[in-house]
Amino acid sequence: MKLRCSSGNCRIALLLAAIAPLSGNSLAAFSPPKQLVVVTDDSYPPYLFRTDGGQLQGIIKDKWELWSRKTGVPVKVEGMEWAKAQETLKTKGADVIEALAYTEARAKLYEYSPPYAEVDARVFFHRSISGINDVASMRGFTIGAKDGSACASWLEDRGIETIRRFPSSDAVVKAARAREIPLFCMDLPVAQYLIFKQSLADEFRQTSPLYVARFHWAVLKGRADLRDFIQRGFEGITAQELQDIQVRWLGSSMKLPIDPRYYYYLALLAAGILAAAVMLILWNRTLRLRVSAKTAELSAALGSLQTHADRLRELSAHHDSVREEERAHVAREIHDELGQALTALKMDLSVLGIKFGESNPEIKTRAQELRDTVDRTIQVVRDVATALRPAVLDFGIIPAVEGLVEEFQKRSGIHCTVKFLGTETRFAEDRSIVIFRILQESLTNISRHAGAKKVQVTVGLDATHFHLEVKDDGSGFDVDAAGKRKTFGLLGIRERVIMLRGELSIRSSPGAGTEVSVSIPYQ
């Protein structure tokens, strides 16, 4: 004979068979309900509350649906005002009441399950009120509380008589928002949800916990068999399944993936790093101040050196100008005074030779020798005068360059070529003299050190600058090494160019000849 049963009845039978050895004869007399009715407050988020469409949701609803799936017993969760929920259980309109805190008075009415959660109750007060920190400081204030709540009972037990009861937690918070009550007592999770939902976080402050309540579900007193039956159904639910429901409604905590005991060490490390960073910042600031001070000192010193260098160059330029003027003066004196005297002497010797030489051949011969000596002396005077101040400069820089190069070629025997590019522009006399001296110094260096066979001099003239280039095929030299030695010829050229705000370029290497390029503005 085969027995048939529905899936729900079979699950109940199996559950009874499993727990029969543990409950003995008492369970044999117990008849499981065909449906469990669970009542609780429908304004207690996140445990149970309604959507905008009026549907119940929350931890309690999901938990009992899971219990129903595990046991096969249908469960109906009903939400209502808290006081009405308690009254419904007392009149046997429901089997179970949920989210019930233990009190001595309630212990006479209910059979409690083991606790499954802890919440603390607090008093919340408007920010305009201060000094609310214990029961004594609350006396004289109207305190809002949900009707039938453990919080209201706790305050009454401690002598608070000015309690105003509301049918739901939401009604309590709305009254506080409207400033109908200055204080209200409520479990923390519900208060936080409603306060933040209504954007009142900045309006209210909270006390320390009044007490910590443990949540139970419960049945009426005398129905321990029903309580045990329900509890055994919960024992078939794993801790992870219950945890998943908690996480779904409460969220998961944001923790570092390390053991909490390391937080202390991390804090010390962070403090150490922060202290080191502060010290580095202070040290860096000190260094910056010291560097700034040293930089200011160096800048002042460099400025002073630059000033001294400028003054030295000005002094050198003045000295060169005075020297050139003195040379010109001496050249004129030699040319005019000494030249005229020697010319007169030569004429007198000619007269003497003519007058007395016919009668005395020795006197004639001696007079001729003296005239030759005077001619050589006159040539020396002309050479000295030209070296001091070439008269050809009076005709412009181009004739002066041609004359200097031609004289250099005769004296040194080195083949020279001169190339002119552009149209001659009249130079100031002082600049012409400086360019003449630069070319003179360059040719002197070639004759003394280069061992060159050919020299090419190029003069370029454009709208703004005079360009001079002297190139030889001599032995060349190391420019960097020469710059470290006391090469007064190159130093003189460089200083003259700087005085005229020009540019100088010297390109040379051993065995490859030398090229000196100078560019000087007309003004």
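For the structure, check the block above.
Quick look at the structure, then. Just so you know, these numbers come straight off a predicted model, no measurement behind them.

Describing the overall build of the protein chain
- In terms of regular secondary structure, the protein chain is built from 16 helices and 18 strands.
- Across the 523 residues of the protein chain, 38% fall into the buried class.
- Across the protein chain, contacts joining residues at least 24 apart in sequence account for 69% of those joining residues at least 6 apart.
- Carbon and sulfur atoms make up 55% of the accessible area of the protein chain, which amounts to about 31200 Å² in all.

Focus on empty space enclosed by the protein
- Counting across every chain of the model gives 1 cavity of 30 Å³ or more.
- Counted as a void, the largest cavity has a volume near 230 Å³.
- Forming the boundary of the largest cavity are 20 residues, of which Y44, K146, S149, A150 and D187 lie nearest the centre.
- Contributing elements (two or more residues each) for the lining of the largest cavity: strand 1 (36-41), strand 6 (96-101), strand 9 (143-146), helix 6 (150-157), strand 11 (183-187) and strand 13 (211-220).
- Residue composition of the lining of the largest cavity, grouped by class: 13 nonpolar, 3 polar and 4 charged.

Some details on the side chain of E98
- In this fold, E98 is placed in strand 6.
- Residue E98 is classed as buried on the basis of its relative accessible area of 0%.
- Sequence-distant contacts of E98, defined by excluding residues within four places in its chain, comprise V38, V39, T40, I60, K63, W64, W82, Y116, H216 and W217.

Structural notes on helix 7 (residues 169-177)
- Buried within helix 7 we find S169, V172, V173, A175 and A176. Across the axial projection of helix 7, the buried residues extend over an arc of 160°, all falling on one side.

Describing the packing of helix 2 (residues 59-71) against helix 9 (residues 224-235)
- For the pair helix 2 and helix 9, interaxial distance at closest approach is 9 Å and the crossing angle is 90°. The angle between the axes of helix 2 and helix 9 places the two elements in the roughly perpendicular class. Between helix 2, through K63, W64, W67 and T71, and helix 9, the contact on the second element is made entirely by F229, I230, G233 and F234.

Section: the nonpolar core
- Counting 65 residues, the largest nonpolar core has W64, W67, L155, F184, M186, L210 and I230 as the members making the most contacts within it.
- Ranked by the residues each element gives to this core, the list is headed by strand 8 (residues 117-126), at 6 residues.
- Apart from residues lying up to four places away in sequence, L155 is in contact with M138, I143, I160, I163, C185 and L210.
- Grouped together as the second largest cluster of nonpolar side chains are 32 residues, V434, L439, L461 and V518 included.

A look at the side chain of D62
- The topology assignment puts D62 in helix 2.
- Side chain to side chain, D62 and R248 meet in a polar contact 2.8 Å long.
- For D62, the residues in contact, after removing those within four places along its chain, are I245, R248 and W249.

Thoughts on the environment of P167
- Position of P167 among the secondary structure elements: in the loop between strand 10 (163-166) and helix 7.
- Of the residues examined, P167 reaches a relative accessible area of 36% and is grouped as partly exposed.
- For the pair P167 and G148, spaced 19 residues apart in sequence, the C-alpha to C-alpha distance is 8.6 Å.
- If we skip the residues at most four places from it in the chain, P167 touches E81, W82 and K146.

So, helix 10 (residues 239-250)
- If you check helix 10, its first and last C-alpha atoms are 16 Å apart, about what 12 residues at 1.5 Å a residue would give, namely 16 Å.
- Count one or two residues on from helix 10 and you reach G251, which has phi positive near 80°.

Looking at the packing of aromatic side chains
- Using the criterion set out here, one finds 17 aromatic pairs in the structure.
- Here W67 and F229 contribute two aromatic rings whose centre-to-centre distance is 6.2 Å and whose plane-to-plane angle is 80°, an arrangement assigned as edge-to-face. Placement of W67 in helix 2 and of F229 in helix 9 is noted, with a sequence separation of 162 residues between them. Each member of the pair, W67 as well as F229, is classed as buried.
- Ring-pair connections join several aromatic residues into one group, and the members of that group are F30, W64, W67, W217, F229 and F234.
- A cation sits over an aromatic face here: K63 above Y116, 3.7 Å from the ring centre.

Side note on the environment of L250
- Assignment of secondary structure puts L250 in helix 10.
- Distance in space between the C-alpha atoms of L250 and P189 is 9.6 Å, their sequence separation being 61 residues.
- Contact partners of L250, with chain neighbours within four places excluded, come to P46 and I59.

Focus on the pattern of salt bridges
- This structure, assessed with the given rule, holds 20 salt bridges.
- For D95, the salt bridge is made with R223, and the minimal N-O distance between the two is 3.7 Å. Taken as a pair, D95 in the loop between helix 3 (82-90) and strand 6 and R223 in the loop between strand 13 and helix 9 lie far apart in primary sequence, 128 residues in all.
- Look at D95 and you get buried, because its relative accessible area is 14%.
- Between R165 and D147 there is a salt bridge; the shortest N-O distance is 3.9 Å.

Some points on a nonpolar patch on the surface
- A surface patch of nonpolar side chains, amounting to about 270 Å² of accessible area, comprises L266, L269 and I273.
- Relative to the helices and strands, L266 is located in helix 11 (residues 263-357).
- What makes L266 partly exposed here is its relative accessible area of 36%.

Cut-off values and rules
Residues numbered from 1 in each chain as written. Predicted model: local features only at pLDDT ≥ 70, side-chain atom pairs only at ≥ 80, totals over all residues. Heavy atoms only, no water. Helix = DSSP H or I, 4+ residues; strand = E, 2+ residues; numbered from the N terminus. Buried < 20%, exposed > 50% of the residue type's maximum accessible area, 1.4 Å probe, protein only. Contact = heavy atoms within 4.5 Å. Areas by Shrake-Rupley, 256 points an atom, 1.4 Å probe, with all protein chains shown as cover. 1 Å grid on protein atoms, 1.4 Å probe; cavity = no way out; pocket = protein on both sides within 12 Å on 5 of 7 lines; lining within 4 Å. Points joined across faces, edges and corners; volume = space filled by probe spheres on them. Nonpolar A, V, L, I, M, F, W, Y, C, P; charged D, E, K, R; others polar. Arc of directions from axis to C-beta. Axes fitted to C-alpha atoms, helices over the stretch in contact; angles between N-to-C directions. Parallel < 35°, antiparallel > 145°, perpendicular 65-115°, else oblique. Core = buried A, V, L, I, M, F, W, Y, C linked by side-chain atoms within 4.5 Å. Polar contact = N/O pair within 3.5 Å; in protein donor to acceptor, adjacent residues only side chain to side chain. Expected span 1.5 Å × (residues − 1). Phe/Tyr/Trp six-rings, centres within 6.5 Å; stacked < 30°, edge-to-face > 60°. Lys NZ or Arg CZ within 6 Å of the ring centre and 35° of its normal. Salt bridge = Lys/Arg side-chain N within 4 Å of Asp/Glu carboxyl O. Patch = residues over 30% accessible without salt bridge, like charges linked within 9 Å, V, L, I, M, F, W, Y side chains within 5 Å.

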